[in-house]
Amino acid sequence: MEFDGSGWAEGRIELLPPSEGWSLLSPEPEARIDEHRWAHQARVFFGAELTLVQKKAYPSGTTPMADAVEVDIARTSSSSSSTLSTLRAASRVLVMTVPLDRAPLVRAAAAAGVRAIGGRGFDALLARARRVWQVREPPIAGDDARAPLVVTAVLAAVLLAPVVPPGEETIFGVKGARERLQRLGW
């Protein structure tokens, strides 16, 4: 994937089938990637360090219609005898975003997930969705298989977006993502 001088992905962005990535449905229509906000959420709420491989700039306040970014994510561990944190080896994941109208398969998977859980308010979240964000499964580099779910959980918190997991007929929010991470030992 190629990126321009502002860090925006060049060429057409095509999402993966819903079975190959964690899909999030955001009410925000813009494709703005805020590294500081994402990194803050990762550090404070998930004990992770997050950095963008491609730095993003938004000249004149504009944003791309669709975009992609590679994200490095690593778990931090704090020593009980000091306040110093150490960074474990990072894994790299691909994040892509397109307007919801360009992702009919993800929308259908989200609707099926909402039906599977009996709505529970996610029907209202789906109705407000304007943009799809997708985290590719598996990582594109590194050996922590949990990395895509960690990035997904961070994005769910930042974007207030419900999550459609790959290969499952369900939908959940930040709490569900946190529970899954906990079961995986994060």
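The structure displayed is predicted, hence computed values, not measured ones.

Participant: Help me out: how do you make sense of the overall build of the protein chain in this one?
Facilitator: If you tally the helices and strands in the protein chain, you get 5 helices and 7 strands. Sequence-ordered secondary structure for the protein chain, helices as α and strands as β, is β-α-β-β-β-β-α-α-β-α-β-α. What you see for the protein chain is a C-alpha radius of gyration of 16 Å, in line with the 16 Å of a compact globule of 186 residues. A principal-axis box enclosing the C-alpha atoms of the protein chain has dimensions of 50 × 40 × 25 Å. Within the protein chain, the fraction of its 186 residues that count as buried is 51%.

Participant: What exactly am I supposed to notice about the layout of surface pockets here?
Facilitator: Rolled over the atoms, a probe as big as a water molecule pinpoints where empty space is left. In this structure, the largest pocket spans a volume of roughly 230 Å³. Looking at the largest pocket, the residues that line it are P27, E28, E30, R32, D34, R37, W38, W133, V158, L159 and L160. Every element with two or more residues in the lining of the largest pocket is listed here: α1 (35–46) and α4 (147–159). Considered class by class, the residues forming the lining of the largest pocket number 6 nonpolar, no polar and 5 charged.

Participant: Which parts of the structure should I look at to understand the pairing of strand β5 (residues 91–99)?
Facilitator: When a strand is regular, its side chains alternate between the sheet's two faces. The buried count for β5 comes to 8 of 9 residues, which makes it a mostly enclosed element. As judged from the 5 bridges shared by β5 and strand β6 (residues 131–136), these two strands associate in the antiparallel manner. Within β6, the position partnered with P99 by the bridge is R131.

Participant: What am I meant to see in α1 here?
Facilitator: Working note: α-helix, 3.6 residues per turn, so residues spaced by three or four point in the same direction. Taking 1.5 Å per residue, 12 residues should reach 16 Å; α1 reaches 15 Å between its end C-alpha atoms and fits that length. Among all positions of α1, only E35, W38, A39, Q41, A42 and F46 are buried. An end-on view of α1 places all buried positions within 160° of arc, on one side of the element. Looking one or two places after α1, you find G47, whose phi comes out positive at around 60°.

Participant: Teacher, can you tell me more about the side chain of S91 here?
Facilitator: Checked against the element boundaries, S91 lands in strand β5. Here the side chain of S91 touches D144 through a polar contact of 3.1 Å, landing on its backbone nitrogen. With sequence-adjacent residues up to four places away left out, S91 is seen in contact with V71, D72, I73, A141, G142, D143, D144 and A147.

Participant: Even after reading the chapter, I still don't get the packing of α1 against α4, so can you show me in this structure?
Facilitator: Helix-helix packing is described using two parameters, namely the angle between the two axes and the distance between the axes. Look at α1 against α4: their axes get within 9 Å of each other, and the N-to-C directions meet at 110°. Regarding the angle of α1 to α4, the classification is roughly perpendicular. You can see that α1 and α4 cross each other, and the crossing is right-handed. Counted together, R37, W38, Q41, A42 and F46 of α1 and A153, V154, L155, A157 and V158 of α4 form the full contact between these two elements.

Participant: It is not clear to me how the confidence of the model for the protein chain should be interpreted in this structure. Could you clarify?
Facilitator: For any part of a model where pLDDT is low, the fine detail of the predicted coordinates should not be relied upon. Confidence in the prediction for the protein chain averages 94 pLDDT; 95% of positions are at 70 or higher. Within the model, pLDDT remains below 50 along residues 79–84, and this stretch shows 3 contacts once partners closer than five positions in the same chain are excluded.

Participant: Even after reading the chapter, I still don't get the packing of α4 against helix α5 (residues 174–183), so can you show me in this structure?
Facilitator: Contact geometry for α4 and α5: axes closest at 9 Å, N-to-C directions at 155°. The orientation of α4 with respect to α5, classified from their angle, is roughly antiparallel. Read as a crossing pair, α4 and α5 show a hand that is left-handed. For the pair formed by α4 and α5, the contact residues are L149, V150, A153, A156 and A157 on the first element and V174, A177, R180 and L181 on the second.

Participant: Which parts of the structure should I look at to understand α5?
Facilitator: Here α5 has its buried residues at G176, A177, R180 and L181. The arc that holds the buried residues of α5, viewed along the axis, is 135°, so those residues lie on one side. When the buried face of α5 is taken as reference, the exposed residues oriented beyond 90 degrees from it are K175, Q182 and R183. Residue G185 follows α5 closely and has a positive phi angle near 85°.

Thresholds applied
- Residues numbered from 1 in each chain as written.
- Predicted model: local features only at pLDDT ≥ 70, side-chain atom pairs only at ≥ 80, totals over all residues.
- Heavy atoms only, no water.
- Helix = DSSP H or I, 4+ residues; strand = E, 2+ residues; numbered from the N terminus.
- Rg over C-alpha atoms; globule rule 2.2 N^0.38 Å.
- Buried < 20%, exposed > 50% of the residue type's maximum accessible area, 1.4 Å probe, protein only.
- 1 Å grid on protein atoms, 1.4 Å probe; cavity = no way out; pocket = protein on both sides within 12 Å on 5 of 7 lines; lining within 4 Å.
- Points joined across faces, edges and corners; volume = space filled by probe spheres on them.
- Nonpolar A, V, L, I, M, F, W, Y, C, P; charged D, E, K, R; others polar.
- Pairing = 2+ DSSP bridges.
- Expected span 1.5 Å × (residues − 1).
- Arc of directions from axis to C-beta.
- Polar contact = N/O pair within 3.5 Å; in protein donor to acceptor, adjacent residues only side chain to side chain.
- Contact = heavy atoms within 4.5 Å.
- Axes fitted to C-alpha atoms, helices over the stretch in contact; angles between N-to-C directions.
- Parallel < 35°, antiparallel > 145°, perpendicular 65-115°, else oblique.
- Left-handed = near helix turned anticlockwise from the far one by under 90°.
- pLDDT = per-residue confidence, 0-100.

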